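Structural overview for review
Residue strings, one per chain:
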Number of protein chains: 2
Amino acid sequence: MTTIRDIARHAGVSVTTVSRTLREPEAVRRDKRDRVHAAIAELSYVPNAIAQQLRRPRAEAIIVIVPAIDNPFFSGIIQSIENVAHELGYRVLIGETQGRQERLDHYADMVTARLADGLILLGSLLPTPVRSAFEAGRPVPIPLVLACERYDGLDCPSVTIDNAAAAEAAADHLIRTGRQRIATITGPLANPLAMDRLAGFRAALQRAGMTADEEAVVEGNFSVESGHEGMQRLLSGPRRPDAVFCANDEMAIGAIRAAVTAGLSVPGELAVVGFDDLRFGAFATPPLTTIRQPTAGIGETAMRMMDAELHQRGLSERQVVLPHELVVRGSSVVAA
Amino acid sequence: MTTIRDIARHAGVSVTTVSRTLREPEAVRRDKRDRVHAAIAELSYVPNAIAQQLRRPRAEAIIVIVPAIDNPFFSGIIQSIENVAHELGYRVLIGETQGRQERLDHYADMVTARLADGLILLGSLLPTPVRSAFEAGRPVPIPLVLACERYDGLDCPSVTIDNAAAAEAAADHLIRTGRQRIATITGPLANPLAMDRLAGFRAALQRAGMTADEEAVVEGNFSVESGHEGMQRLLSGPRRPDAVFCANDEMAIGAIRAAVTAGLSVPGELAVVGFDDLRFGAFATPPLTTIRQPTAGIGETAMRMMDAELHQRGLSERQVVLPHELVVRGSSVVAA
DNA sequence: TTGTACGCGTTATCAC
DNA sequence: GTGATAACGCGTACAA
């Protein structure tokens, strides 16, 4: 391994000069600079980042935690995080937890161990040290930004949408288009975000003077498969629904499949509305009506908040709520 | 920041004892060990991983490079890489390139800079240092494993499927089920893998005494949108195809949408076959016939090869080819 | 403008 | 068993 000392020796200068040549070239005389560069090329020297970081305050890297990398909803967010991060001079590393606490904790360890500067959480799991600090009323021990999820009482920057209002808008759409028996397939109810969507759904029905009977609410887990099963359950019930609101697009796609397999026409006999506006949704058959989340905005905001956090700059707003949008396509309304 | 010296002072022992307590506890007397642990807990000490790695030969981390994180095909591979990596004691960091050479190079730099031990490439781009070494006939400069892609002449471990044979199987299926005018939507033809699939497709037609006229071959870029556009192009041509082989499932989903929008029945008037066996494919309407890739096997093999590479263990096989499988669903055959 | 020398936090060597 | 101390590779006062 060639080190800065090898370069110094080879170029006939001191290590300081080599270091400075790399960091503030103007402060080094031309000829020495050239000799240094020549030596670097000849010995193919690459500064050891580990050693550099021992001297630097920050790692210039952040870790984005995603529960499941195969959930396309997170992709858009990650991509916008990456764009902003690059611009701000950070590397982005993605860590997948698959819902496993120990994996998340492992990534959190990378922050305490200074291999990365902070964590952006896209999921609902909190690292153990953060959770215990929270429960003990102590401040959050590592730089943390929550995207998508909210935790009441946790004092850390977050960016979300108003999930309850969005779900309400989805249900309203079904009500306004004349649906009578509206069911829902929820996310895992341990999840605050899933609860919010269910609450919004219920609020809309109630406001319209309808009640959501218990058989019309089935719990899913955000996977296509669970949407498929959930729909089968709903179809085998006593009162077949004529509309279903799914808490994400994946489940909506599974629901459509179950309905079509059962011989129902979508949207004629069953209207389906999803949530997220996945790329695939627009190309489903029929194209999926859904709630569009501002993925680019979520990612960008989260990354800028992280940067501010790391620079101890006060944030004007620590809990940002971004606007959502109902996108009506063929799965909920019969073509004119 | 609390360091090992703080612990030593607080526990009234030397730094050596603290270090040893953490690394080989049996070699330290009980009472001192307890004092050290107490001090660690009290001062909430976490060893600085940066400093540790300055002394260690390896970072125990590998980086998986994926072209686009929103391509679900890679998810399965990544997940199996992660499972094996964990078991072998590595951290996995995921880097997305979005096809940008500079981003890939940035991640490759992390390896030369010892922040990670090696790179597993899921895409077709090579890091600049690797490419120039290749062109100059020098050995690959960093630990590298290719998953999915192949590079003729590049001496590095790889795991792939036989893309040509798989495409041939897909086309054969269409031929055997009586299709007459079989078209294809390819991947970007700069891509070896896309070329292999096209070659296999052509071989199958030729063997059956059919020719693939040039209007029946359109180039896509693996995105749903390009599948949609490609299908529109094929439908507006002089001889409407009665079957199309798409070089991946995403494009197949886009193709189905275009066909259905144009009023064609799938599979009645148009049979569609994809490639990859995405999770969503089975839930498409109609469910997608496709080539299943052994994603778990690809990921596991790639990670084990990387581990062998890092330990300088010779690999029995450096170019592994895994089996594929044709999965027939409703998009290519009319239900009995 | 350049070089010497120290410190960053840890682990390994060696003497006690 | 334990403790000084020398690396690891780099950045930077401070001195020249």
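Residues numbered from 1 in each chain as written. Chains lettered and ligands numbered in written order. Predicted model: local features only at pLDDT ≥ 70, side-chain atom pairs only at ≥ 80, totals over all residues. Heavy atoms only, no water.

By the naming in an unreviewed UniProt entry, chain A goes by LacI family DNA-binding transcriptional regulator and is assigned to Novosphingobium aerophilum.

Right, let's talk about the packing of aromatic side chains for a bit. Scanning all chains against the criterion turns up seven aromatic pairs over all chains. With 5.2 Å between their ring centres and 75° between their planes, A:Phe280 and B:Phe280 make a pair best called edge-to-face. Here the residue A:Phe280 occupies a position in the loop between β9 (271-273) and β10 (290-292), and B:Phe280 occupies one in the loop between β9 (271-273) and β10 (290-292), the pair thus bridging two chains. Each member of the pair A:Phe280 and B:Phe280 is classed as buried. (Phe/Tyr/Trp six-rings, centres within 6.5 Å; stacked < 30°, edge-to-face > 60°. Helix = DSSP H or I, 4+ residues; strand = E, 2+ residues; numbered from the N terminus. Buried < 20%, exposed > 50% of the residue type's maximum accessible area, 1.4 Å probe, protein only.)

Turning to the sheet that holds strand β8 (residues 243-246) of chain A, a few remarks are in order. Residue and element names in this part refer to chain A. Read from one edge to the other, the open sheet built from four strands follows the order β7-β6-β8-β9, with strand pairing classed as parallel. In this open sheet, the two strands that pair with only one neighbour each are β7 (217-219) and β9. Across this sheet, the average inter-strand angle for adjacent strands is 15°, counted without regard to direction. Where strand β6 (residues 182-186) lies against β8, four bridges are found, and the strand directions are parallel. Bridged to Thr 184 within β8 is Phe 245. Where helix α10 (residues 224-235) meets the sheet, its contacts fall on β6, β7 and β8, and the angle it forms with β6 comes to roughly 145°. (Pairing = 2+ DSSP bridges. Axes fitted to C-alpha atoms, helices over the stretch in contact; angles between N-to-C directions. Contact = heavy atoms within 4.5 Å.)

For the structure shown, the criterion picks out five cavities of 30 Å³ or more. One number sums up the size of the largest cavity: a volume of about 170 Å³. Contributing elements (two or more residues each) for the lining of the largest cavity: α11 (249-261) of chain A together with α11 (249-261) of chain B. In terms of residue class, the lining of the largest cavity is built from 10 nonpolar, two polar and two charged. Computed from the structure, the second largest cavity encloses a volume of approximately 100 Å³. Lining the second largest cavity are 14 residues, and of these A:Met110, A:Leu115, B:Leu93, B:Met110 and B:Leu115 sit closest to its centre. For the lining of the second largest cavity, the secondary structure elements donating two or more residues are β2 (91-96) of chain A together with β2 (91-96) of chain B. A per-class count over the lining of the second largest cavity returns 10 nonpolar, two polar and two charged. (1 Å grid on protein atoms, 1.4 Å probe; cavity = no way out; pocket = protein on both sides within 12 Å on 5 of 7 lines; lining within 4 Å. Points joined across faces, edges and corners; volume = space filled by probe spheres on them. Nonpolar A, V, L, I, M, F, W, Y, C, P; charged D, E, K, R; others polar.)

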